[in-house]
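One-letter residues, chain by chain:
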Amino acid sequence: MKIGFYAGSFDPFTNGHLHVLKKSLQLFDSVIIGIGTNPEKTRRFNKEIMKEAIQKLMIKQNFPNVSIITYDGLCVDAAKKHNATFLVRGIRNGMDYEEEENLSAINEEISKLDTIYIRAGKLGTISSSMVMSLLQNGKDVSSYLPDEILKVITQLNKH
């Protein structure tokens with residue numbers, strides 16, 4: 001069985017992330033979304049809250065072969081623990097590719113897991129940081145976020 005491990009901070013989970021997930025489901029029997037912590041970023045939303053919102057989205061999308069976990073530490077350790085056969089990464093542009101290629105080489109060396117890159121395509125301009133900046137400045141972000149995610153972050157952003 002081919003299992004993809006799609007790791008990220010998903011802070012928040014955008015339509016770009018959803019696009020990469022949908023493409024992943026064409027390649028793998030199942031996909032695990034791993035919500036991790038990037039030590040270079042400050043989390044805006046609790047991982048468990050984002051996990052619940054993504055689970056609701058997976059039910060709405062009718063993706064029974066997607067599971068969502070949270071983890072600490074290295075994504076390759078979490079991927080191996082959950083029997084993943086490949087890592088999945090979304091790429092928006094050349095800068096993403098350079099960074100991901102460096103990470104992939106190290107990940108493969110320490111885990112023997114290869115990385116599959118999936119282009120974000122027309123959604124390549126979307127980043128979680130950009131979405132949050134727009135939201136915090138009163139702009140409409142509904143075209144960048146799935147409804148289930150938008151509901152959660154709009155409620156949390158009010159507080």
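An account of the accompanying structure is given in this report. Please read these numbers as outputs of a predicted model, since none were measured by experiment. (Residues numbered from 1 in each chain as written. Predicted model: local features only at pLDDT ≥ 70, side-chain atom pairs only at ≥ 80, totals over all residues. Heavy atoms only, no water.)

1. Points about the overall build of the chain
Counting its secondary structure elements, the chain contains 6 helices and 5 strands. Secondary structure elements of the chain, listed N to C terminal, follow the sequence β-α-β-α-β-α-β-α-β-α-α. Here the chain has a C-alpha radius of gyration of 15 Å; the compact-globule value for 159 residues is 15 Å, and the two agree. Projecting the C-alpha coordinates of the chain onto the three principal axes gives extents of approximately 45 × 35 × 30 Å. Residue burial in the chain is summarised as follows: out of 159 residues, 46% are buried. Relative to all contacts within the chain whose residues are 6 or more apart in sequence, the contacts with residues 24 or more apart total 77%. Accessible surface computed for the chain: about 9,000 Å², of which carbon and sulfur atoms make up 50%. Here the chain contributes 20 positively and 18 negatively charged side chains, and the mean placements of these two sets differ by 7 Å. (Helix = DSSP H or I, 4+ residues; strand = E, 2+ residues; numbered from the N terminus. Rg over C-alpha atoms; globule rule 2.2 N^0.38 Å. Buried < 20%, exposed > 50% of the residue type's maximum accessible area, 1.4 Å probe, protein only. Contact = heavy atoms within 4.5 Å. Areas by Shrake-Rupley, 256 points an atom, 1.4 Å probe, with all protein chains shown as cover. Lys, Arg positive; Asp, Glu negative; His and termini not counted. Charge placed at Lys NZ, Arg CZ, Asp CG, Glu CD.)

2. Brief notes about the nonpolar core
In terms of nonpolar packing, the biggest core is built from 32 residues, with Phe-13, Leu-21, Ile-33, Ile-54 and Met-58 touching the most fellow members. When contributions to this core are tallied by element, the ones reaching two or more residues are α1 (15-25), β2 (30-35), α2 (47-61), β3 (66-70), α5 (128-136) and α6 (147-158). For this core, the element with the most residues is α2, which contributes 5 residues. Ignoring sequence-local partners within four residues, the contact set of Ile-33 consists of Tyr-6, Phe-10, Phe-13, Leu-21, Ile-54, Met-58, Val-66, Ser-67, Ile-68 and Ile-69. In terms of nonpolar packing, the next biggest core, distinct from the first, is built from 13 residues, Ile-3, Phe-5, Ile-69 and Leu-87 among them. (Core = buried A, V, L, I, M, F, W, Y, C linked by side-chain atoms within 4.5 Å.)

3. Concerning the layout of surface pockets
Its boundaries defined by the atoms lining it, the largest pocket holds a volume of some 1,300 Å³. In terms of lining residues, the largest pocket is bounded by 48 residues, among which Gly-8, Asn-38, Lys-41, Arg-89 and Glu-100 are the most central. Mapped by element, the contributors of at least two residues to the lining of the largest pocket are β1 (3-8), α1, α3 (75-81), β4 (86-91), α4 (94-111) and α5. Of the residues forming the lining of the largest pocket, the biggest block, 9 residues, is contributed by α4. For the lining of the largest pocket, a count of residues per class yields 20 nonpolar, 18 polar and 10 charged. (1 Å grid on protein atoms, 1.4 Å probe; cavity = no way out; pocket = protein on both sides within 12 Å on 5 of 7 lines; lining within 4 Å. Points joined across faces, edges and corners; volume = space filled by probe spheres on them. Nonpolar A, V, L, I, M, F, W, Y, C, P; charged D, E, K, R; others polar.)

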